[in-house]
Amino acid sequence: MSPSSGAPHGLLLPLQRKQAETAAAREASFQQQYSEVLDGLMGCGSGIMQDISEVLQYSEATQRAHKAELYQQWSSQVFEPIQARIHDAMSRTSVKQLEATLQAASDAYIAAGSKRPCFLDHADAEQYDPMHQLAAASIRVPTGDLVDPLKRDLLKTQTEKALLSNAAAAAAAAAAEAGGGTSRSYGSGGSPRMG
């Protein structure tokens, strides 16, 4: 027995050998994992960088497909109906009518400018109002009935609030009709109080 360790000298050597083998195995495992991580970071073979690259490519492809779908919806639900309405309105107006309207507006500007200096960017409404003259001749198409798919998220809360307020009003009217004019309110205890 060794006086310093308290264990027999024959056991110490195999125990140290076993510890050295375990440490060497751990170091080899660490070096292998470390080289795999470095290879993955450098883009060699499979690894974290390749996984991230695949995720990013999938995300970009999904975003492109979503944008293309939104554009297709917007085009069919908003752009094409507006274009058709404008085309119909323009086909009802002849070129001669349009030229006559523009000529009348030009003559009115010349007449107003000959009396007193007149500027298009600052017009005195009493003297000359180009917007009033052209308002009757301008082409206007109604667009209030169109639902823009790009504004779906913005308008969702407004639609939900309108539905809830309509449902609450209908429920209150039904309760008033069914209750014979008495209203009920619930206190903190949850039991109805007749009012």
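Being a predicted model, the structure only gives us computed values, none of them experimental. (Residues numbered from 1 in each chain as written. Predicted model: local features only at pLDDT ≥ 70, side-chain atom pairs only at ≥ 80, totals over all residues. Heavy atoms only, no water.)

Enquirer: Would you explain the overall build of the protein chain in this entry?
Expert: Secondary structure summary: the protein chain contains 5 helices and 2 strands in total. The buried share of the protein chain, reckoned over its 195 residues, is 8%. For the protein chain, contacts bridging at least 24 residues in sequence account for 46% of all contacts bridging at least 6. A total accessible area of about 16,200 Å² is found for the protein chain, and carbon and sulfur atoms account for 60% of it. (Helix = DSSP H or I, 4+ residues; strand = E, 2+ residues; numbered from the N terminus. Buried < 20%, exposed > 50% of the residue type's maximum accessible area, 1.4 Å probe, protein only. Contact = heavy atoms within 4.5 Å. Areas by Shrake-Rupley, 256 points an atom, 1.4 Å probe, with all protein chains shown as cover.)

Enquirer: Mind showing me how you'd approach helix α2 (residues 48-92) here?
Expert: An α-helical turn contains 3.6 residues, so a residue and the one three or four places further along point in the same direction. Its 45 residues give α2 an end-to-end C-alpha distance of 64 Å, which sits within 8% of 66 Å, the value for a rise of 1.5 Å per residue. All of the buried residues in α2 are L70, S75, V78 and A89. (Expected span 1.5 Å × (residues − 1).)

Enquirer: Hey, could you run me through the packing of aromatic side chains in this one?
Expert: Remark: the centre distance and the inter-plane angle together describe each pair of aromatic rings, the angle taken between the planes. Counted by the stated rule, this structure contains 3 aromatic pairs. For the ring pair F30 and Y34, a centre distance of 5.9 Å and an interplane angle of 20 degrees mean the geometry is stacked. Here Y34 and F30 lie together in helix α1 (residues 9-42), a separation of 4 residues that amounts to about one turn. Through a chain of ring-to-ring contacts, three or more aromatic side chains come together here, namely Y71, W74 and F79. (Phe/Tyr/Trp six-rings, centres within 6.5 Å; stacked < 30°, edge-to-face > 60°.)

Enquirer: What am I meant to see in the pattern of salt bridges here?
Expert: Any two side chains of opposite charge can pair if their charged atoms end up close together. For the coordinates displayed, the defined rule picks out 1 salt bridge. Note that R85 and D145 form a salt bridge whose closest N and O atoms lie 2.8 Å from each other. Remark: D145 occurs in the loop between α4 (130-135) and α5 (152-178) and R85 occurs in helix α2; sequence separation between them is 60 residues. Judged by its relative accessible area of 23%, R85 is partly exposed. (Salt bridge = Lys/Arg side-chain N within 4 Å of Asp/Glu carboxyl O.)

Enquirer: What's the story with helix α3 (residues 95-115) in this structure? I'm lost.
Expert: If you check α3, its first and last C-alpha atoms are 31 Å apart, about what 21 residues at 1.5 Å a residue would give, namely 30 Å. Looking at α3, one finds that the buried residues are A105, A108 and A112. In an axial view of α3, the angular spread of the buried residues amounts to 60 degrees, which keeps them on one side of the axis. Opposite the buried face of α3, by more than 90 degrees, sit the exposed residues V95, K96, E99, I110 and S114. The secondary structure elements touched by the buried residues of α3 are α4. (Arc of directions from axis to C-beta.)

Enquirer: I tried to follow a nonpolar patch on the surface on my own but got confused; where do I start?
Expert: Together, F30, Y34, V37, L38, L41, I48, M49, I52 and L56 make up a nonpolar patch on the protein surface, roughly 820 Å² of accessible area in all. For the nonpolar patch, the elements supplying multiple residues, two or more each, are α1 and α2. No other element matches α1, which puts 5 residues into the nonpolar patch. Locating L41 in the fold gives a position in helix α1. Judged by relative accessible area, L41 falls into the partly exposed class, the value being 45%. (Patch = residues over 30% accessible without salt bridge, like charges linked within 9 Å, V, L, I, M, F, W, Y side chains within 5 Å.)

Enquirer: Please clarify how the side chain of S75 should be interpreted in this entry.
Expert: Structurally, S75 can be placed in helix α2. Leave out the neighbours within four places in its chain, and S75 touches E80 and P81.

Enquirer: I keep staring at the environment of I82 and nothing clicks. Help me out?
Expert: You can see I82 is positioned in helix α2. Judged by relative accessible area, I82 falls into the partly exposed class, the value being 22%. Measuring from C-alpha to C-alpha, the distance between I82 and L146 comes to 8.8 Å, with 64 residues separating the pair along the chain.

Enquirer: Please clarify how the confidence of the model for the protein chain should be interpreted in this entry.
Expert: Detailed reading of the predicted coordinates is not advisable wherever pLDDT is low. Averaged over all residues, the pLDDT of the protein chain is 79; the fraction at 70 or higher stands at 76%. In this model residues 181-195 is a low-confidence stretch, pLDDT under 50, and it forms 15 contacts with partners more than four residues away in sequence or in other chains. (pLDDT = per-residue confidence, 0-100.)

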